[in-house]
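An overview of the molecular structure
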Amino acid sequence: QQLAAAGTPQRAEAERAYLKSELQHLGVSVPAMRAIVKSWLKSHESDHGMLTHEELFALADALWAFPIHECRSAAIELLRARPKLIGVADVPWLYSTLGDCRTWALLDPLAGSVVADLAAREPDEVLEHLDRWVRDPDFWIRRAAVLGLGTLLKRDQELDRFFAYAQHLLPEKEFFIRKVIGWVAREVAARHPARVSRWLRENMAAMNLVTLREPMRRLPDADELRALYDTRRNNAG
């Protein structure tokens, strides 16, 4: 009810069209949705004590059951708000829910925040799952595997694993895979420009412009990299 009251039909129509979504949209902005979740948590926990693991996932399941974008977004925000309640035993739930997202607007925060933070807390167990996910038949799960490295990469950990994932996924033609490799490479390039540049050069023969554009924004040799790409493309006819 709170989410519905915070939305507008105009925003709902525009967002549904932009995301090409099959879900119902209420037209709630992300800041408004997060404020509603934060307010609910504060009120509930002041009256009933801290949320338990069982309560957290029961509520997430109940929200996800609605075919409404903002309800599912609110479920993800609840998980993001209580990361310490999430453990390795919840990986199957996360995998199933990621597969049900069907849009970057839901998958990216779930994978890039909830899964990524869990991977940083429990790397030995969770990275084994990500290694399988990157080869999953569902390209959304493969995208989630890359995003799931995010927190570790910010700590300058698992760089080799990211480049191995990128190498494996580089031949793909799916836009959302090409884009996520570029996005994550861009973030890595902010701290390791030479390494990212070297990887791009070594793989220029198979490189696509969707992937290349993002890290070039952070690289001092961007003009040279683009020239190498154009030369390769022109030589290929």
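Here the structure is a predicted model, which is why all the values come from computation and not from measurement. (Residues numbered from 1 in each chain as written. Predicted model: local features only at pLDDT ≥ 70, side-chain atom pairs only at ≥ 80, totals over all residues. Heavy atoms only, no water.)

Some details on the nonpolar core
Membership of the largest hydrophobic core comes to 77 residues, with the highest contact counts inside it found for Leu98, Leu130, Trp133 and Phe162. Considering each element in turn, this core owes the most residues, 9 residues, to helix α7 (residues 104-121). Apart from residues no more than four positions distant in its own chain, Leu98 is found in contact with Leu107, Leu110, Ala111, Val115, Trp133, Ile141 and Ala144. (Core = buried A, V, L, I, M, F, W, Y, C linked by side-chain atoms within 4.5 Å. Buried < 20%, exposed > 50% of the residue type's maximum accessible area, 1.4 Å probe, protein only. Helix = DSSP H or I, 4+ residues; strand = E, 2+ residues; numbered from the N terminus. Contact = heavy atoms within 4.5 Å.)

Topic: helix α4 (residues 53-64)
For α4, spanning 12 residues, the distance from its first C-alpha to its last is 16 Å, which sits close to the expected 16 Å at 1.5 Å a residue. Considered for burial, the residues of α4 that qualify are Leu56, Phe57, Ala60, Leu63 and Trp64. In a view along the axis of α4, the buried residues occupy a sector of 125 degrees, so they form one face of it. Contacts from the buried residues of α4 go to α5 (69-81), α6 (91-99) and α7. (Expected span 1.5 Å × (residues − 1). Arc of directions from axis to C-beta.)

Overview of unusual backbone geometry
For Arg102, which is not a glycine, the phi torsion comes out positive at approximately 60 degrees. Within the secondary structure, Arg102 sits in the loop between α6 and α7. Located in the positive-phi region is Asp156, a residue other than glycine, with phi close to 60 degrees. Classification of Asp156 as partly exposed rests on a relative accessible area of 39%.

Description of the packing of aromatic side chains
Here the structure, examined in full by the defined rule, presents 9 aromatic pairs. Plain terms: the ring middles of Tyr95 and Trp133 are 5.7 Å apart, the flat faces sit at 45 degrees to each other, and that makes the pair tilted. In this pair, Tyr95 sits in helix α6 while Trp133 sits in helix α8 (residues 123-133), placing the two residues 38 residues apart along the sequence. Accessibility expressed as a relative area gives 33% for Tyr95, which makes it partly exposed. Accessibility expressed as a relative area gives 6% for Trp133, which makes it buried. (Phe/Tyr/Trp six-rings, centres within 6.5 Å; stacked < 30°, edge-to-face > 60°.)

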